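Inside the fold
Residue-level listing of the chains:
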Amino acid sequence: MPKGRIRIKLRSYDYRIIDETCQKLIDTAIRTGASVVGPIPLPTKVEVFVVNKAAFIDKNSREHFGLKTHKRVVDITNPTNQTIDSLMHLELPAGVEVEVKM
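Residues numbered from 1 in each chain as written. Predicted model: local features only at pLDDT ≥ 70, side-chain atom pairs only at ≥ 80, totals over all residues. Heavy atoms only, no water.

1. As for the overall build of the chain
In plain terms, the rule: Numbering of helices and strands starts at the N terminus; helices are DSSP runs of H or I of at least 4 residues and strands are runs of E of at least 2. The globule rule is 2.2 Å times the number of residues to the power 0.38, and the radius of gyration it is compared with is taken over C-alpha atoms. Three labels apply to residues, based on accessible area from a 1.4 Å probe with only protein chains included: buried if under 20% of the type maximum, exposed if over 50%, partly exposed otherwise in between. Throughout, a contact is declared for two residues whenever any of their heavy atoms are within 4.5 Å. We get accessible surface area from the Shrake-Rupley algorithm with a probe of 1.4 Å; when it comes to residues, only the shown protein chains can shield them. Neither His nor the chain ends contribute to the count of charged residues, in which Lys and Arg are positive and Asp and Glu negative. Taken as the charge location is NZ of Lys, CZ of Arg, CG of Asp or CD of Glu.
Secondary structure summary: the chain contains two helices and four strands in total. Going from N to C terminus, the chain has its helices and strands arranged as β-α-β-β-α-β. For 102 residues, the compact-globule estimate of 2.2 N^0.38 gives 13 Å, and the C-alpha radius of gyration of the chain, at 19 Å, exceeds that figure by more than 25%. In terms of its C-alpha atoms, the chain occupies a principal-axis envelope of roughly 70 × 20 × 15 Å. Across the 102 residues in the chain, those meeting the buried criterion constitute 25%. Contacts spanning at least 24 positions in sequence make up 74% of the contacts within the chain whose residues lie at least 6 apart. On the chain, roughly 7100 Å² of surface is accessible, and the fraction owed to carbon and sulfur atoms is 54%. Of the charged side chains in the chain, 16 are positive and 12 negative, and the gap between their average positions amounts to 6 Å.

Structure below.
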């Protein structure tokens, strides 16, 4: 039986997908007998890209494009063997980056 915790970091551009993924992970962990801490929302990274609309004369005319990266952390404490097997075979939606540390 594994001891310690499993830390799962999730990143996505869409907050609805990342919340849905967190709920799937939490439901799976609770169903298999592990305790869960989280999801803990981390600060959203906002990148803004500024592009000139015209080259020389209309330099003050610009467009702004933004890209938000949403992040969450889920800690699973006291995992069982069944918890690890269930998490390995869990189907997650596309567009979510998952990083697992034990």
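2. Focus: the sheet that holds strand β4 (residues 96–101)
Selection rule: Any two strands between which DSSP finds at least two bridges are classified as paired. Axis geometry follows a simple rule: fit a line to the C-alpha atoms, using only the stretch in contact for helices, then measure angles between N-to-C directions, giving values from 0 to 180 degrees.
An order of β2-β3-β1-β4 is seen for the four strands of this open sheet, with the pairing classed as antiparallel. The sheet is open, and its two borders are formed by β2 (35–52) and β4, each paired with just one other strand. The sheet shows a mean angle of 15 degrees between the axes of neighbouring strands, taken without regard to direction. Strand direction decides the pairing type here: β2 and strand β3 (residues 62–77), joined by 14 bridges, are antiparallel. Residue pairing for β3: V51 is matched across the bridge by E63. The strands touched by helix α1 (residues 15–31) are β1 (5–12), β2, β3 and β4; relative to β3, the strand with the most contacts, the crossing angle is about 5 degrees.

3. Observations regarding the confidence of the model for the chain
What counts, and what does not: Confidence of the predictor at the level of single residues is captured by pLDDT, which takes values from 0 to 100.
When pLDDT is averaged along the chain, the result is 85; 97% of the residues meet or exceed 70. The secondary-structure element of the chain with the lowest mean pLDDT is helix α2 (residues 81–88), recorded at 82, while β3 shows the highest, at 90.

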